[in-house]
Structures are given as C-alpha cells and as structure tokens.
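# Coordinate inspection notes
What follows is each chain in one-letter form.
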Amino acid sequence: MHGTMGLRGLLCVCLASLLALQAMPAQGSPTRSPKGGKKRPALDTAVDGVVIRSLKVNCKVTSRFAHCVITSQVVNNADEAKEVAFDVEIPRTAFISDFAITAGENAFLGDIKDKVTAWKQYRKAAISGENAGLVRASGRTMEQFAIQVTIGPRSKATFRLTYEEVLKRKLMQYDIVIKVKPKQLVQHFEIDVDIFEPRGISKLDAQASFLRKELAAQLIKKSFSGKEGHVLFRPTVGQQQSCPTCSTTLLNGDFKVTYDVNRDKACDLLVADNHFAHFFAPQNLTNLNKNVVFVIDISSSMEGQKVKQTKEALLKILGDLRPGDYFDLVLFGSAVQSWRGSLVQASAANLDAARNFVRHFSLAGSTNLNGGLLQGIEILNKAHGSLPELSNHASILIMLTDGEPTEGVTDRAQILKNVRDAIRGKFPLYNLGFGHDVDLKFLEVMSLENNGRVQRIYEDHDATQQLQGFYEQVANPLLRDVELQYPGDAVSALTQHHHKQYYEGSEIIVAGRIADHKLSSFKADVQAYGEGQEFKTTCLVDEEEMKKLLRERGHMLENHVERLWAYLTIQELLAKRMKLEGAEKANVSAKALKMSLAYQFVTPLTSMTIRGMADQDGLEPLIDKPLDGMGLQRGGSFVLLASQPSPTRPSSEVQQLPNQVTGVDTDPHFLIHVPQKEDTLCFNINEEPGVVLSLVQDPDTGFSVNGQLIGNEARSPGKHEGTYFGRLGIANPATDFQLEVTPQNITLNPGSGGPIFSWRDQASLRQNEVVVTINRKRNLVVSVEDGGTFEVVLHRVWKGSAIRQDFLGFYVLDSHRMSARTHGLLGQFFHPFDYKVFDLHPGSDPTKTDATMVVKKRRLTVTRGLQKDYSKDPRHGAEVTCWFIHNNGDGLIDGVHTDYIVPDIF
C-alpha cells in the first residue's frame, strides 16, 4: 500500500499524565494535485490526500469517576485506498470499556471476553512468540493503543475509544493533562471537559503551554459554579496555524486542567442506586511528626548517574524534614551499615551530619536486600519499644533498589515472609524500584503485604525529581490507623476501609453496596489518631440532598457511582491476587473476572476482540491490558472485511450463562438479543399507567404473555414520567394454565380461585405441561414443554430511590420451540431477522455514538447506549451495550406500538 496516515493520541486523567493526538503522513508518499487544475483553498488541511475532519476528546467527570471518549474521523480524499491509523495512549490505571470503528457502511465494535477464551484465537501468534495485542506499555504511566486499517478511495473512517478510571487526588488537586500534538491542521478540533462534583468545586483552571497567555485567555473557555465545572478548547483551523500564511499547526504541547472540591465539611458521602462512595480528606489538621528510615541500595550496579541522583534526592529530602521528625539511614550492598543504628531527631546538627554521610558513602559489592530491610525495620521497632513518645508518630519505611537480591537471603518467598513477620502491620513499607532491571512485581507484592505501594523510578535526567516527587506525597502524614466503619447489616462488598496513614493533599475513597431498605440506618464512623489526640467523626446520608442530586444528574450519577465501586473493587482484587497462590488466587481471580465482564472493562483478565477485521496472517485484532514493561506489540495492519456482518459487543458473560436473553425491564426498556449478529437492540415504550401490552402471542398454541403498566407513586401532575410492569399474565390455554404475577403475590389460575403464593415462598409447581419455580425474593421461572422458558424478576425498590414502588421484569430464556408465527412486542423477535448498522458518528450527547440502521427496508437513526439485564442477577444486573431505536421502537417493531395494546392480561 502506498501512503500512510497515522493518528496518534495520548490521553490520561491523572497526575502528570499525557494526551497526544498526532496525524502523520507516510514518508515518500506524494501529495496528489486536485483534479482539473483547480486552485487549492487557502487552508488545505490534507496530508497525502487524507484529512482529519474531526478530532475530539470528551471527558465527563462525576464524583472523581472519569468517563473519557476519544473520537476521530479521517477522510481519504485520494483516488486510491489508503492505510490510516488510530494511535492513542491512555493511563495504565484506566480500563478500556468500548472501541468502535466505522468505515463506509460497515461498523466494527469491540467484544470483551475472558482472556483465556480470547487468546485461543491467537495460538498462532503465541506460538511464534509474538504479541498479537494492539496495546503495549508506553513510557512511565501510559499504555499505547494502535491500530491501522485500510479504507477505500473517497471514503472515511471513524474511530471511537472509551476508557474509564477513578481520579486520584495528589498534592491537593486532581489533574487532567492533555498533550496536544496533531502535526497537521484539524478541521474540527475539540477538548471538552465536564466536571460534576456534588460537594462543590473549589477551584478550576486550564492552561495550554503552546498558547500565549493572551491567546489562551481568548480560546480556552473555563467556568465553574457550585457543583459544575466546564472547560472547552475549540480552535478554528485559522487559530491552529503557526503563522497567518503557514499550513503547519501551533498545537504542540500540554493542555492542563486542574481542579479540587470544597472540603468545608468532614463528611462527603454519595449514595445512588444501592451503591455508595465515601470520600475522606479532612482539612485543618496538624501534621503528625514522623519516624522515617531510608533503606538505600549501594551495590555496584548503582554506580554512575543512579547513585549521583539518589544522593541529590536524599540531600533535598533531608532538608525537608521537620524538627519534630526522627530518622535514620541504612545502606546495603554486600554488607549492611546504618548511619546511627537508631532514630535521631531531625535537629540542625543531626541533619548536617546526615548530609555529610550521604555525600561520602561509596558503593560496595552485591545486593543484600533482605539484610538492609530487616535492619531498617529493627530500627523502627526498637524505637517503638524503647521511646514511648515516638509510638504516636507516623512511622514510614522507604526502600530504594535497582536490582535483585544477590547476597544473604535471596529466596523471594523467604524475604517476603521475613519482612512481613518483622513489620507485623505496624507501619507502611514503600518500595522504589530504580530502572528496568529490578523485579518490580516482587517489590509490589512486598509493599502490598505491608500497607504500602511500589513506584518505579525511571533512569532519566529527572530521576532526582522523581524521588523527591514520591517523598512529597508521604512527607506530611496527618492521621494514622484510619478506620472507616459502616453498619454490618447495611453494607456489603466494601472496598479497602482501613489505612495505616492519611497524607496531606491525598484522599481516601471507600465504596460499597447498601442493602435494600437500609439507607435510613446507613452511616459512616471514622476513627483515627492525629497529632496529640484521637480523631472521630460520624457521617450520615442527607437523603434530601441525594434526591436532589439524582434529579440533577439522573442516570449518569447512578451509573458513575456504581462503576466507581466496580473499578475500585476490581483494582483491589487484582492487587490481592498478586499476594496469593493456588486455590485462593484462583478464587480471587474468578471474582475479578466476573466483575470485569459484568462492567465490560478490559483488565488483565479480559480481552477485547474486533470481529470482521483481519491482518495479513488472518488474525483479528486483540485489545489487551499489558503487564508492566515495555514489551513490543505486534505489527501489521488490518483489512475491514465488508462481507462480514457488522459485529457488536455481545452480552456480559458474568453469570457463566451462554447467551444474552431478550426481555423487558425497568422503565420499560425492551432488550432484543440478536444471536446471529451477536448484538442487542433496545427500545422503550412510553404509555400511561394501566395500559396492557402484548409481549408474547403464539397463535398456533394460544400461549400468551401480557403486561400491565404501573406508574411511579411520586409522579408530577401533567408531566410524563416512567412506567413499569406491575402485573403480568401468562396463559397456556391448551392446559388451562394461567399465572398472574405482581410484586406482592403469585396466583395460579386466578379465575378459578387457585392458590396464592408470596415472594417469600420457595416453591416448585407443575400443572400438566407447565412448571413454575419460585425463587424466594428473587425471581420465578415458567417452563412450557414444547414451548418456551421465561423468567419474571422481582424488583424491590430501596428507600430514597427515584422509583417509589416495586415492579417486575420479564425475560425470555428459551424460545426456539415457539412457532414461527409468534408475535408481540417481544415474540416477533424470537426468530432470525436481519439489519445493518453503519455510519457511526458522535450524537447530540458527545459521550454516545449515533449510527444509521437499515432494518425491514427502513432507514433509522439509532444510538449506542447501555441498559441493564437482570435475568442472571436480579439484584444488581449486568450492563448490556445495545443500539437504541427511538420513538417507541418505530421502524423496528411491526406496525406501531399502539397495535400491541390489549384489553387485559388474560
């Protein structure tokens, strides 16, 4: 192929993160002249005949949870096929949750599955020693995602990548740093950051290093008021030019958004849809004095710049110690030596002596890591035992090494046990791994086992600043032994809620689930120890404030709080599994995999494949989360196979059931699973309470399912609000079977005075060819011989929910034996039908994709969205990605929705 256009982007929402967006012409590819000798426009944005029509970054932050979307549309104006690329970098802490390509009339969407299943398709690449994935580690904090595709002449391709993460507060702020580097003019360039923080935003700023202050003030729109903040950067093509007559761009540098939230109250509790997030970052506390021991590797491998930069950092850190702090230094090479052998106060004289020691120590031999750590731990333990006044300080152990243990105890398992037994949970251990020869996983496990964390220090000119930057994050402890407690009968699935220390400028986040009807008893008790006193506070939920927030932010708030909990839980499970072996590790891994699939995250346990595409070896693209390191990625480009059906993301596999099901639930949202497309369609029906709708009707057998709508008890007069199914009638005339189901009772043959069951019952009933199984407080299943299998799900609403009364969901688990003439809002989709989706493009909501669908000879505009399937987990459900058909399913369903209104449920 001749001519290559690349689109490179880095996007990160975290401290010191980057986003680069680049478009690069292939070397040696001539630019075609316009046909007919027509004069080019004054501003020609094409490179090698390829134009970046739009390049947009949209990031929505809700209570620290960031949902970011990168969308790029590239147009090939040439008369020949071109290879174009989408090349982005995202933070390693983020999870990819969606990816889509549309080219011409074909759409190609990501399909997340467990890694073992995904990699079975890539044995060829694995055997040859290659990595077939599209993602690799890149730089210090990033992962690079790159894919190249070939598109035809005079055609376009649109790429859309979504990733999510929880923002981490560092040094008193949250940072969004975007490195902008398009390398060519972009017709429509946009960075749009929307922030919603219920506690209120205390500061918001945005800067661009590549713009003069006057121009930045003109082009960057930033505002915040109360809970909402907004930053918009949308330069025109002319404003992107590096000079009035230049065809080059001045967009080359950092675009940085920083913000923080109000902290005038100690309590910051957020509750939505049975999930909560507790943000803990108290202010106006006195710094704790600290006991700190630095354990430094002085083996011969540290020679040169490493030891020079380490000494520079130590000298700066010593200068930052406060007079009330106590410290010591331990050096380990072949032997172990300490500066004092016990903690000494950070007096001027002691600091001068320590600086002199640092300046003059020399390197010596191998790496006795075990001996150095145990010496540092002994110094802290001895001080706790012999100097009671130091036991109230915040003790910290910081170890720096550049290699593997080669002297003394070298068995890693034994070293882990020795350190664990010596510390016994009394203080945190922070491990700094210098360079790439260090076993970072070993150091990470050691830190995790001892309430700390690991950080790689990169061999670079700024290694001194990296070391100082890490120390600044732990330099000012405010509290120790922080315990966040919640009522045991009201919460479950808590994330980490015990922390050895809380540091100035940081934040502790705890999330979990609240049991049904337990909101009124939910509270958070915080207990910790500060300087000279015990810290205690109790936080209660402001239910009225929560209702107000739900009205303001609606589904986005509920969705983001739940996904924040899921993100933190998965991260903690992944960290926990590193410390385990055997059955325990397998059990934790299974939990992490289950949640990764349920919430459609690409994690170390899942992969995303993209069907309908293949490279020169016939392999489909694979999107993986790489392990730490700079491993190479598989090269090559992919051809979009137009003959393939447009693939879409299948259902969640979290419950280990083979397929997604068709059904209707909540407001009411209809989910239509299309197995031959591995896709799901969805639509709503908006009707008044009391209306009865035909869901399934088999004219050959007379079998039917009808549902009656109920309204929300909290409806506002004159305003249309949600309706839900509150009464279902299932009938099989061939066996005189009728079943009436409501959120209160289950009645068999109500017309003839049959038995009535409660949802508190556990029962199995059989009447001729029909079996009904009631699962207490969860669901019931109806199985008809030579017919279908159906599920009714019970939804009990929780106090404070926007929905005020219980309702039902209905799902079709098996319908293949139903007759071909089966109809109804669900029944008409029991048998195969065809449709085509193409022309994906950003919709009116920039976080969602619109597309064109051709179905039943009609052309519809549809929107990519999320709904919940409660068939496998009636309590929490699993998110399902679907194409939403607007206007009551108009164009997808036969006729119009009013055709399905029937007089009664039987």
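These numbers come from a predicted model, not from an experiment.

### Some words on the overall build of the protein chain
Secondary structure assignment for the protein chain yields 14 helices and 54 strands. Counting every position in the protein chain, which comprises 906 residues, the buried fraction comes to 59%. By sequence separation, contacts in the protein chain at least 24 residues apart represent 69% of the contacts at least 6 residues apart. Within the structure as shown, the protein chain displays about 35,800 Å² of accessible surface, and the carbon and sulfur contribution to it stands at 49%.

### Things to note about the pattern of salt bridges
Evaluation of the coordinates by the stated rule reveals 49 salt bridges. Put simply, Lys306 and Glu459 hold a salt bridge, and the shortest N to O gap is 3.8 Å. Remark: Glu459 occurs in the loop between strand 25 (454–457) and helix 10 (463–474) and Lys306 occurs in helix 5 (residues 305–320); sequence separation between them is 153 residues. Residue classification places Lys306 among the buried residues on the basis of a relative accessible area of 9%. Each of Arg64, Arg169, Glu197, Arg199, Asp260, Arg263, Asp268 and Glu507 takes part in salt bridges that share partners, so that together they form one network.

### Observations regarding helix 5
For helix 5, spanning 16 residues, the distance from its first C-alpha to its last is 23 Å, which sits close to the expected 22 Å at 1.5 Å a residue. Turning to helix 5, its buried residues number three or more, namely Lys306, Val307, Gln309, Thr310, Lys311, Ala313, Leu314, Ile317 and Leu318.

### Examining the nonpolar core
Ranked by size, the top nonpolar core spans 64 residues in total, and within it Phe99, Phe145, Ile147, Phe159, Phe233 and Phe255 carry the most contacts. Considering each element in turn, this core owes the most residues, 6 residues, to strand 3 (residues 50–62). What Phe159 contacts, discounting residues up to four positions off in sequence, is Ile70, Thr71, Ser72, Val74, Val84, Ala85, Phe86, Phe99, Ala100, Ile101, Ile147 and Val149. Formed by 60 residues, the second largest nonpolar core is a distinct cluster that contains Leu109, Phe757, Phe790 and Leu826.

### Brief notes about the pairing of strand 43 (residues 745–748)
Regular strands place side chains that alternate from one sheet face to the opposite one. With 3 bridges connecting them, strand 42 (residues 737–741) and strand 43 associate as antiparallel partners. Bridge pairing in strand 43 places Leu739 opposite Leu748. The antiparallel pairing of strand 42 with strand 43 creates a hairpin that spans 3 residues between the two strands. Pairing geometry for strand 43 and strand 44 (residues 756–758), over 3 bridges, is antiparallel. Its bridge partner being in strand 44, Thr747 is matched across the sheet by Ile756.

The rules behind the values
Residues numbered from 1 in each chain as written. Predicted model: local features only at pLDDT ≥ 70, side-chain atom pairs only at ≥ 80, totals over all residues. Heavy atoms only, no water. Helix = DSSP H or I, 4+ residues; strand = E, 2+ residues; numbered from the N terminus. Buried < 20%, exposed > 50% of the residue type's maximum accessible area, 1.4 Å probe, protein only. Contact = heavy atoms within 4.5 Å. Areas by Shrake-Rupley, 256 points an atom, 1.4 Å probe, with all protein chains shown as cover. Salt bridge = Lys/Arg side-chain N within 4 Å of Asp/Glu carboxyl O. Expected span 1.5 Å × (residues − 1). Core = buried A, V, L, I, M, F, W, Y, C linked by side-chain atoms within 4.5 Å. Pairing = 2+ DSSP bridges.

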